[in-house]
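# Architecture and fold: a report
Read off the chains here:
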Amino acid sequence: MPNMNAETPVLSKAQALLAKQDYSKAQLQLKLLASGFEPLEVASVLTHCEAQGWLDDRRFVDRYVSKRVEQGYGPFKIAADLMAKHVSESLVAQMLANV
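For the structure given in this document, a descriptive report is provided here. Position numbers for residues count from 1 along each chain, tracking the sequence in the order it is written. In keeping with the model being predicted, local features are shown solely for residues with a pLDDT of at least 70 and side-chain atom pairs are shown and tallied solely at 80 or more, while totals for entire chains, interfaces and linings include all residues. Hydrogens and water are ignored here; the side-chain numbers use all heavy atoms of the structure.

### Regarding the overall build of the protein chain
By definition, any uninterrupted DSSP run of H or I lasting at least four residues is a helix, any uninterrupted run of E lasting at least two residues is a strand, and each is numbered from the N terminus. The number of helices and strands found in the protein chain is six helices and zero strands. In terms of overall dimensions, the protein chain has C-alpha extents of about 40 × 20 × 20 Å along its principal axes. In the protein chain, which comprises 99 residues, the share counted as buried stands at 35%. Areas reported here follow the Shrake-Rupley algorithm with a probe of radius 1.4 Å; residue values treat only the protein chains shown as occluding. Taken as a whole, the protein chain presents about 6,000 Å² of accessible surface, with 51% of it coming from carbon and sulfur. Charged side chains of the protein chain number 11 positive and 11 negative; the gap between the two group centres comes to 6 Å. For each residue, the accessible area found with a 1.4 Å probe, counting protein chains only, is set against the maximum for its type, and the residue is called buried under 20%, exposed over 50%, and partly exposed in between. Only four residue types enter the tally: Lys and Arg on the positive side, Asp and Glu on the negative side, with His and both chain ends excluded. Lysine's charge is taken at NZ, arginine's at CZ, aspartate's at CG and glutamate's at CD.

Right, here's the structure in full:
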């Protein structure tokens, strides 16, 4: 993996996005690719963000589920929303098992 620093445009973009809200890995990947960054650059940055603890699908799902349950949404609606955010079906099922 290349040396990642705040001067890398793709890393700066990822940090700016993650500073505003949590994203699933797939969501962040799509946003970075849509911004015109190269797939290999994006993959490296995603790995770096995960290693730093800035990007975590489990945490994203946990927070999303908690928020949506508090808003009165049921497990089927929450699952559908998470699938639309490109979260893995197995992680969604695992995190909704207690809802």
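### Some words on the side chain of R68
In this fold, R68 is placed in helix α4 (residues 57–70). By definition in these notes, contact holds between two residues if any of their heavy atoms fall within 4.5 Å. Among residues more than four places away in sequence, those in contact with R68 are Y73, K77, I78 and D81.

### Some details on the packing of aromatic side chains
Each pair of aromatic rings taken from Phe, Tyr and Trp, with Trp reduced to its six-membered ring, is defined by centres within 6.5 Å and is described as stacked if the planes are under 30 degrees apart, edge-to-face if over 60, and tilted in the remaining cases. As enumerated under the stated definition, the model contains one aromatic pair in all. Working rule: Lys NZ or Arg CZ, within 6 Å of ring centre, within 35 degrees of ring normal, means a charge sits over the ring. Across from the ring centre of Y73, 3.9 Å away, lies the NZ or CZ of R68, which sits over that ring.

### Looking at the packing of helix α5 (residues 75–84) against helix α6 (residues 89–96)
One can describe the packing of α5 onto α6 by two numbers: an axis separation of 10 Å at closest approach and a directional angle of 150°. When the axes of α5 and α6 are compared, the pair comes out roughly antiparallel. Our pair here, α5 against α6, has a crossing hand that is right-handed. Packed against α5, whose contacting residues are P75, I78, A79, L82 and M83, the element α6 presents E89, V92 and L96 at the interface. Note on residue classes: Ala, Val, Leu, Ile, Met, Phe, Trp, Tyr, Cys and Pro are nonpolar, Asp, Glu, Lys and Arg are charged, and everything else, Gly too, is polar. Across the contact of α5 with α6, the residue classes tally to seven nonpolar, no polar and one charged. Lines fitted to C-alpha atoms define the axes, with helix axes restricted to the stretch in contact, and inter-axis angles between N-to-C directions lie between 0 and 180 degrees. Oblique is the label for every angle not falling under 35 degrees (roughly parallel), over 145 degrees (roughly antiparallel), or within 65 to 115 degrees (roughly perpendicular). Should the near helix be turned counterclockwise from the far one by less than a right angle, the crossing is left-handed, whereas a clockwise turn marks it as right-handed.

### A word on the packing of helix α1 (residues 9–20) against helix α2 (residues 25–34)
As a packed pair, α1 and α2 sit with axes 11 Å apart at the nearest point and diverge in direction by 130°. The angle between the axes of α1 and α2 places the two elements in the oblique class. Read as a crossing pair, α1 and α2 show a hand that is right-handed. Where α1 abuts α2, its residues V10, K13, A14, L17 and L18 lie against L28, K31 and L32.

### Some details on the nonpolar core
If you look at the biggest cluster of nonpolar residues, it comprises 14 residues, and the most contacted ones within it are L28, L32, V45 and C49. Contributions of two or more residues to this core are made by α1, α2 and α3 (39–52). Counting residues per element, this core draws most heavily on α1, which supplies five residues. Buried residues of nine kinds, namely Ala, Val, Leu, Ile, Met, Phe, Trp, Tyr and Cys, make up a nonpolar core once their side-chain atoms join them within 4.5 Å.

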